[in-house]
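# Geometric and topological summary
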Amino acid sequence: MNEQLLRYAVAHGFLEQAQADALWQEHARSGKSVRELLLEDGVFSEEQMLEALSDVARIPSVRLYETAIPAVVRELVKPDILRAHLIFPFAFDPEDDGLLCVALSDPANMKGRDMVAIASGYRVRPFLTTAEDILLAIDRCYGPEEVEGATALYAPQERSAAEQALQSEINASPVVVLVNSLVEQAVRQRASDIHVEPGTSRVRVRYRVDGLLYTTAEYDLRLLPAIVARIKVMSGLDISEKRRPQDGHFSTFAGRWEYDVRVSVLPVTGGEKCVLRLARKKALYRSRQALGFLPEEMRKFDRILLRPNGLVLVTGPTGSGKSTTLYTALSELNRDTVNIVTVEDPVEAGLDGVNQVQVNPKANLTFANALRSILRQDPDIIMVGEIRDGETASIAVQASITGHLVVSTLHTNDTASSVTRLLDMGVERYLIADALAGIVAQRLVRRLCPNCRRRCALPPEAAALFALEPGETAQVYEPVGCKKCNGTGYYERVGVYEVMEITPRLRALIAAGCTADALREAATEAGMRTLQQNARRLVLDGVTSLTEIKRISIPGTEEQRTGLPGAETGGAQ
């Protein structure tokens, strides 16, 4: 199977022969299967791997999220067997009632087939699907029953008794199962955050998926102390402290990937609220094609990063993907011939070959102090997690002028506003002009689900936004909602970018004291595509919807300025 997959990848243009030879050597050296390596290196997506395996193994594929599972089939095999062997029975063969159709992610999974055959008493016919599809199907069919079983096994004590028996609560296995299932289901639903919130009578659990929060479960309020205590133990926090906020983290495996989980516990009315942020290791750096850069923006970004010195800023609001862009840039700049040092709060992902410093205010290791020390470490490239104050901004600018490439993030709405922000922090205008190499502003928009999006006409009131002639129409897409996207109409997110490359003319304008509007106008005349323009391109290409670009507040797309409709028919928003 390993050799056939490599031949398939070369034949279908996913790999050059030299790349395939190198990957085969890595397979022999590491012992990892070719399938694992193709997925880890991003050569194949999960869907492309499914197509390749189906072709190579000559086994038909199935999408479980589009399949209704009969109740009689769900009762044949216990879910712990299905999870252990990553296999899922979904129907009887319509041509043979004694043949059970089963979905698996590995065509060589003979043990799983045998286990299902023994447990069900039926012969099995294999179909291929992704591991994620199998786990989500198990969650849909058995998840609520498993959680109810765990909560039923756990009999919470009254508050006063719970205080005395806290240790037994922590070790209660049903609570361990419950918390583990919350994390695992969040990963499978592509959630970035888990919110565990006390209410007046219930504990509400919400997942943030593609930037929005959705309620996924509610439990008896008496379960809260045990859930919070379990999360505190996992993240190394003080289980007896309930009056002040606490922050911690832990690592866990879900599926094939390892995740870093950052935990924040906050005392609120009714108890303690926990927020868990999930970050897959190695997920913060990927190809720029995967980030969503258009070809022209990518060429500009390349030229900016190839400069031997200067300040490169990535701007945008919290949650707009700035860290992912920085990590992607660093992973491409990372070579044996350069010394890269970062200072972050916190270090969000490990990069092999990069020296990463964690800010520690208790030890007086602030961004500014760390930067001073880094400059004595003979760096070529410096990454500052965030420029938060004037002292850090001044040191970063000085470092970029004295021969270092400095990359960092800043909270501004667009590229031109970054100059104003640096001025407000007390950096001299002539230093900003000398230091800046380029600025990238970005947002994240939700992708329309390709499985259910629906074509529609562009509303007349939005025609001005797309510069249409009177009477001219354009086709766009709207969300609908299906099982694949959990009824939202959207699936994953993509970046919208504005890349300002600092040319000699822009440098002169900055030094002369031009306004942000004048700088933006000059950059646009020089060929810069604004956030608004690139957002419109994504709408016309059917990648996202009109409502979505309005929701994320891209400058220039407010209703009063563009005539965008206030609501959109279709899927849940």
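This write-up is about the structure you can find in this document. (Residues numbered from 1 in each chain as written. Predicted model: local features only at pLDDT ≥ 70, side-chain atom pairs only at ≥ 80, totals over all residues. Heavy atoms only, no water.)

Before going further, it helps to spend a moment on the overall build of the protein. Scanning the protein for helices and strands turns up 24 helices and 18 strands. Looking at the 573 residues of the protein, the share that counts as buried comes to 49%. Long-range contacts, defined as pairs at least 24 residues apart, comprise 62% of the intrachain contacts of the protein with a sequence gap of at least 6. (Helix = DSSP H or I, 4+ residues; strand = E, 2+ residues; numbered from the N terminus. Buried < 20%, exposed > 50% of the residue type's maximum accessible area, 1.4 Å probe, protein only. Contact = heavy atoms within 4.5 Å.)

Strand order in this open sheet of three strands is S1-S2-S3, and the pairing throughout is mixed. Since the sheet does not close on itself, it has two edges, and those belong to strand S1 (87–93) and strand S3 (123–128), each with one partner. Mean inter-strand twist for the sheet, computed between neighbouring axes without regard to direction, equals 35°. Relative to strand S2 (residues 96–104), S1 is paired through six bridges, and the arrangement is antiparallel. Residue pairing across strands places Phe-88 opposite Ala-103, the latter belonging to S2. (Pairing = 2+ DSSP bridges. Axes fitted to C-alpha atoms, helices over the stretch in contact; angles between N-to-C directions.)

In this structure, Leu-38, Phe-88 and Phe-90 are the most contacted members of the largest nonpolar core, which totals 43 residues. When residues of this core are traced back to their parent elements, those giving at least two are helix H1 (2–11), helix H2 (17–30), helix H3 (34–40), helix H4 (46–57), S1, S2, S3 and helix H8 (131–153). Excluding residues within four positions of it along the chain, Phe-88 makes contact with Leu-64, Ile-69, Leu-82, Cys-101, Val-102, Ala-103, Ile-134, Ala-137, Ile-138, Cys-141 and Tyr-142. (Core = buried A, V, L, I, M, F, W, Y, C linked by side-chain atoms within 4.5 Å.)

On the basis of which strands lie adjacent, the open sheet formed by six strands has the order S6-S5-S4-S9-S8-S7 and antiparallel pairing. At either margin of the open sheet sits one strand with a lone partner, and together these are strand S6 (212–220) and strand S7 (246–254). When the angles between neighbouring strand axes are averaged without regard to direction, this sheet yields 20°. When strand S4 (residues 191–198) meets strand S9 (residues 271–280), the two strands line up antiparallel, connected through four bridges. For Asp-193, the partnering residue across the bridge sits in S9 and is Arg-277. Most of the contacts of helix H12 (residues 224–234) go to S9, to which it runs at about 45°, and overall it touches S4, strand S5 (202–209), S6, S7, strand S8 (257–268) and S9.

A few words now on the pattern of salt bridges. Under the defined criterion, the tally for this structure stands at 26 salt bridges. Salt bridges sharing partners connect three or more residues here, namely Glu-197, Arg-204, Arg-206 and Lys-273. (Salt bridge = Lys/Arg side-chain N within 4 Å of Asp/Glu carboxyl O.)

Aromatic rings considered in pairs are described by the distance between their centres and by the relative angle of their planes. Counting across every chain of the model gives six aromatic pairs. Each ring, one from Tyr-8 and one from Phe-44, has its centre 6.2 Å from the other, and the planes form 80°; the classification is edge-to-face. Placement of Tyr-8 in helix H1 and of Phe-44 in the loop between H3 and H4 is noted, with a sequence separation of 36 residues between them. Residue class for Tyr-8 comes out buried when judged on its relative accessible area of 7%. Residue Phe-44 is classed as buried on the basis of its relative accessible area, which comes to 3%. Between Phe-14 and Phe-44 the ring centres are 4.5 Å apart and the planes differ by 85°, which places this aromatic pair in the edge-to-face class. Here Phe-14 is found in the loop between H1 and H2, whereas its partner Phe-44 is found in the loop between H3 and H4, with 30 residues between them in sequence. According to the relative accessible area criterion, Phe-14 is partly exposed, its value standing at 30%. Clustering of aromatic rings is evident, with ring pairs tying together Tyr-8, Phe-14 and Phe-44. Above the face of the Tyr-491 ring, Arg-190 is positioned so that its terminal group lies 3.9 Å from the ring centre. (Phe/Tyr/Trp six-rings, centres within 6.5 Å; stacked < 30°, edge-to-face > 60°. Lys NZ or Arg CZ within 6 Å of the ring centre and 35° of its normal.)

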